[in-house]
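Observations on the model geometry
Chain residues, written in single-letter form:
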Amino acid sequence: MIFLNAAFTQHFTPDALPTAVRTALGKPLRRAAVLTQLALLGAFAALPAERRRLPTVLLWQSTTGPRQETLALLDEVCNGPSEPMPYDFLATQPALAAAQIQPFLPGLQAASHVPLDNGSSANWHLLLALAGEWLRTGRYAQALCAQLDHQPEMASGHWLSLSTDATPGALATVALHSAPLGAPLADIPDLPARLNDWLGQAGPATCHLESPAAPGLTVEFARL
Amino acid sequence: MLRPVFIAASGLLCARGDSPGAVSEALWAGECSAGNYTLGERSFPYFALPLTETDWLLRAEHAIRQVSAQLGPLGPETPLFVASSSFQIGYFEQQGAPFAMPIGSASFSRQIAEWMGLRGVRHSFSNACVSGFSALDAARTLIGAGWIDEAIVLGIELANASTLAGFAAMELLSPGVCRPLDARRDGLVLGEAVAAIRLSATPSRWKIAGQASGLDGYSTTGPDPEGGPIARVMADCLHDAQLTAHDIELIKLQAAGSPGTDLAEAKALRQVFTAARPPLLSLKPALGHTLGASGIAELVALLACLDAERLPATANFRDADADIGLAPGTVRRTAHIRRALLNLIGFGGGLASLIVERNG
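Residues numbered from 1 in each chain as written. Chains lettered and ligands numbered in written order. Predicted model: local features only at pLDDT ≥ 70, side-chain atom pairs only at ≥ 80, totals over all residues. Heavy atoms only, no water.

Here we look at the overall build of chain B
Helix and strand content of chain B: 10 helices and 14 strands. Relative to the 2.2 N^0.38 estimate, which gives 21 Å for 360 residues, the radius of gyration of chain B is 19 Å and therefore close to what a compact globule would have. Projected onto its principal axes, the C-alpha positions of chain B cover 55 × 55 × 40 Å. The burial tally for chain B puts 65% of its 360 residues in the buried class. Pairs at least 24 apart in sequence give 80% of the contacts found in chain B among residues at least 6 apart. For chain B, the computed accessible surface area is about 11800 Å², with 50% contributed by carbon and sulfur atoms. (Helix = DSSP H or I, 4+ residues; strand = E, 2+ residues; numbered from the N terminus. Rg over C-alpha atoms; globule rule 2.2 N^0.38 Å. Buried < 20%, exposed > 50% of the residue type's maximum accessible area, 1.4 Å probe, protein only. Contact = heavy atoms within 4.5 Å. Areas by Shrake-Rupley, 256 points an atom, 1.4 Å probe, with all protein chains shown as cover.)

Here it is, written out as structure tokens:
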């Protein structure tokens, strides 16, 4: 059985983000891009210290990706007098986020970044399907699924934490089905907030995620 | 994994040719010449696609349509898994300021799907050099579990100054040639490629026997020099395939001519392949390092060689490095290979290994 242990959203202004990182780590995370800092803060919020050594996979999607950093790099490369500064290039590489937070999450064994190709829908159904299969087959003990975005005025992280064991305060079970189960949640970036809305109300025992992009794959959440 | 996953078809366009067969022929002939990419006052060797278009988008469309046609007729609902580390950044460069980047950092995947005539689900992966195997891993997982029956996994990396400039700024590029495992190795030579495979639950000649991925947080630009994380991923891959090191008959290395990464990979190989070590092959001296496309491009090129039962030599190797203590095959030979392991070691800490096995 797979359990949903946490579902939450974080928002940070540009000034608040490094402060939050420093508070979480007790020191600054040097030369870390915004998406890396978001990944660290979300992972720390999702996983208590005693679970940070368990075999973990991080699956994260993004609408913006490192957009600001890429625009800055393009400006340097196309309009600048010379080659870009190395760290300006590194900031455009989203794959670095997982490697940079691994020292603080020793159990982080693998990560995958899933950039989104439009501004309206998300790919939670893929992240949850992969997490579900990899947890079910024992590849990892826990999975962090996230949507991380970075805009000039705000950085945001939407997080779901899943595992094969229920942690204290676990929210729901998660199962995959091949048939539609009716009245689905939309596959949009702030799915964790929608799940919290459902969990916070007396109502149906289950809710479902379906994507019009992937008929035949339904993710069912059932309250504990 | 509930059911096995097979490679039903493949397509490839890279510096060495415009089909898997043509690339296999070129590799057998030892072709490894590269052109140049000038960046300000510096010029670097570069493996460009054999295309004449200068308009970035037209060139991309030509490349995609050419590779797509090699896959055979595609059902319009076939799921598409796109792997790239740069997507269409070269297009933005050509358009110039103010760089009209659309919302959705992988918006180029929509265009790729349209060119391929695909209107089904699309997924994009951007994990630097291991992007191709990330996409393949996801597609294989969904097919293996029965959620989908087939998928197209496409790797694409097209010319752009931003990536080259970034690697140049970090002094990761060779000014000369790519020399994997060689004592004279002095950096990467980048290149372009578009490559695709059609994965299916229907049995075909090659099966994905095992796959594993990992993460090496030692540094943002290079792996743990002792190779421990790389060794663990290879061991995990063997475990996933239910094979031992003795079962592997060929290793397609990451080996891109990087001083540090080649050494780490060599140390990892010595940890996993402790007794008999299978022959080693690097394709990067002939194809260049095609970054996000490299996983699929090198897989397709390797399978074309294995189908022809002709193993190419690794070009540009001459001087053994005592610290590495390994040498790639430098003489081409015919061989019937049943199982091969492929390594990817990514800029940014991503690691991936894959085992392909001849079916039947």
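Considering the pattern of salt bridges
Pairs can form between side chains of opposite charge whenever their charged atoms are close. Residue and element names in this part refer to chain B. Enumeration according to the criterion identifies 26 salt bridges over all chains in this entry. The salt bridge partner of aspartate 319 is arginine 318, with a shortest N-O separation of 2.9 Å. A relative accessible area of 58% means that arginine 318 is categorised as exposed. Between arginine 339 and glutamate 357 there is a salt bridge whose closest N-O contact spans 2.6 Å. Remark: glutamate 357 occurs in strand 14 (residues 350-358) and arginine 339 occurs in strand 13 (residues 339-345); sequence separation between them is 18 residues. Looking at arginine 339, the relative accessible area reads 15%, which means it is buried. Glutamate 357 gets classed as buried once you look at its relative accessible area, which sits at 11%. Each of Asp182, Arg184, Arg318 and Asp319 takes part in a single network of salt bridges with overlapping partners. (Salt bridge = Lys/Arg side-chain N within 4 Å of Asp/Glu carboxyl O.)

A short note on the packing of aromatic side chains
Aromatic ring pairs are described here by two measures, namely the spacing of the ring centres and the angle between the planes. Under the criterion given, the structure shown has 11 aromatic pairs over all chains. Ring centres 6.0 Å apart and planes at 40° place the aromatic pair phenylalanine 89 of chain A and phenylalanine 347 of chain B in the tilted group. With phenylalanine 89 of chain A in helix 4 (residues 86-90) and phenylalanine 347 of chain B in the loop between strand 13 and strand 14, this residue pair bridges two chains. Stacked on the ring of tryptophan 134 of chain A, the Lys or Arg arginine 139 of chain A has its end atom at 4.2 Å from the ring centre. (Phe/Tyr/Trp six-rings, centres within 6.5 Å; stacked < 30°, edge-to-face > 60°. Lys NZ or Arg CZ within 6 Å of the ring centre and 35° of its normal.)

Structural notes on the sheet that holds strand 7 (residues 206-210) of chain A
Strands belonging to one sheet form pairs held by backbone hydrogen bonds; the direction of such a pair is parallel or antiparallel. Residues and elements named next belong to chain A. Within the open sheet, the eight strands sit side by side as 3-2-4-5-1-6-8-7. Their pairing is mixed. Strand pairing shows two members of the sheet lacking a second neighbour, strand 3 (108-115) and strand 7, which therefore form its edges. Within the sheet, the average angular offset between the axes of one strand and its neighbour, ignoring direction, is 25°. The sheet contacts of helix 7 (residues 191-200) involve strand 1 (2-12), strand 5 (154-163), strand 6 (172-177), strand 7 and strand 8 (218-223), and relative to strand 1 the element is tilted by about 120°. (Pairing = 2+ DSSP bridges. Axes fitted to C-alpha atoms, helices over the stretch in contact; angles between N-to-C directions.)

Here's the deal with the pairing of strand 1 (residues 6-14) of chain B
On a regular strand, one side chain projects to one face of the sheet and the next to the other, so that they alternate. Residues and elements named next belong to chain B. Most of strand 1 is tucked away: seven of the nine residues are buried. As judged from the two bridges shared by strand 1 and strand 8 (residues 206-215), these two strands associate in the antiparallel manner. Paired with isoleucine 7 across the two strands is tryptophan 206, which belongs to strand 8. Pairing of strand 1 with strand 7 (residues 193-200), which is carried by eight bridges, proceeds in the antiparallel orientation.

Describing helix 1 (residues 16-25) of chain A
All names here are of chain A. When helix 1 is considered as a whole, its buried residues turn out to be Leu17, Val21 and Leu25. Looking straight down helix 1, one finds its buried side chains confined to an arc of 55°; they lie on one side. Residues of helix 1 that are buried make contact with strand 1 and helix 2 (34-46). At the exit of helix 1 stands glycine 26, carrying a positive phi of roughly 80°. (Arc of directions from axis to C-beta.)

Describing the sheet that holds strand 6 (residues 150-157) of chain B
Residues and elements named next belong to chain B. The 10 strands are arranged 5-4-6-7-1-8-14-13-9-10 in an open sheet whose pairing can be described as mixed. In this open sheet, the two strands that pair with only one neighbour each are strand 5 (122-125) and strand 10 (280-281). Pairing of strand 6 with strand 7, which is carried by eight bridges, proceeds in the antiparallel orientation. Bridge pairing links isoleucine 152 to arginine 198 in strand 7. Relative to strand 4 (residues 80-83), helix 4 (residues 108-116) is tilted by about 130°, and along the sheet it contacts strand 4, strand 5 and strand 6.

Examining the interface of chain A and chain B
Contacts between the two partners involve 57 residues from chain A and, on the opposite side, 53 residues from chain B. Counting the surface lost from both chain A and chain B, the interface buries some 4100 Å², and carbon and sulfur atoms represent 64% of this. At the boundary of chain A and chain B, one finds three salt bridges. In this structure, arginine 42 of chain B and glutamate 83 of chain A form a salt bridge, with 2.7 Å as the shortest nitrogen-oxygen distance. Scanning the region where chain A abuts chain B turns up 18 residue pairs in polar contact (both at pLDDT 80 or more). The set of elements that each furnish at least two residues to the side of chain A that touches chain B consists of helix 3 (67-79), helix 4, helix 5 (96-101), strand 3, helix 6 (124-136) and strand 6 of chain A. (Buried area = accessible area lost by both parts, 1.4 Å probe. Polar contact = N/O pair within 3.5 Å; in protein donor to acceptor, adjacent residues only side chain to side chain.)

Topic: unusual backbone geometry
With the exception of glycine, most residues fall at negative phi, and the peptide bonds are largely trans. All names here are of chain B. Omega for the bond connecting alanine 97 with proline 98 falls within 30 degrees of zero, at 15°, which places this linkage in the cis form. Mapped onto the elements, proline 98 comes out in the loop between helix 3 (89-95) and helix 4. One non-glycine residue with positive phi stands out, namely leucine 291, at about 50°. Position of leucine 291 among the secondary structure elements: in the loop between helix 9 (284-287) and helix 10 (294-307).

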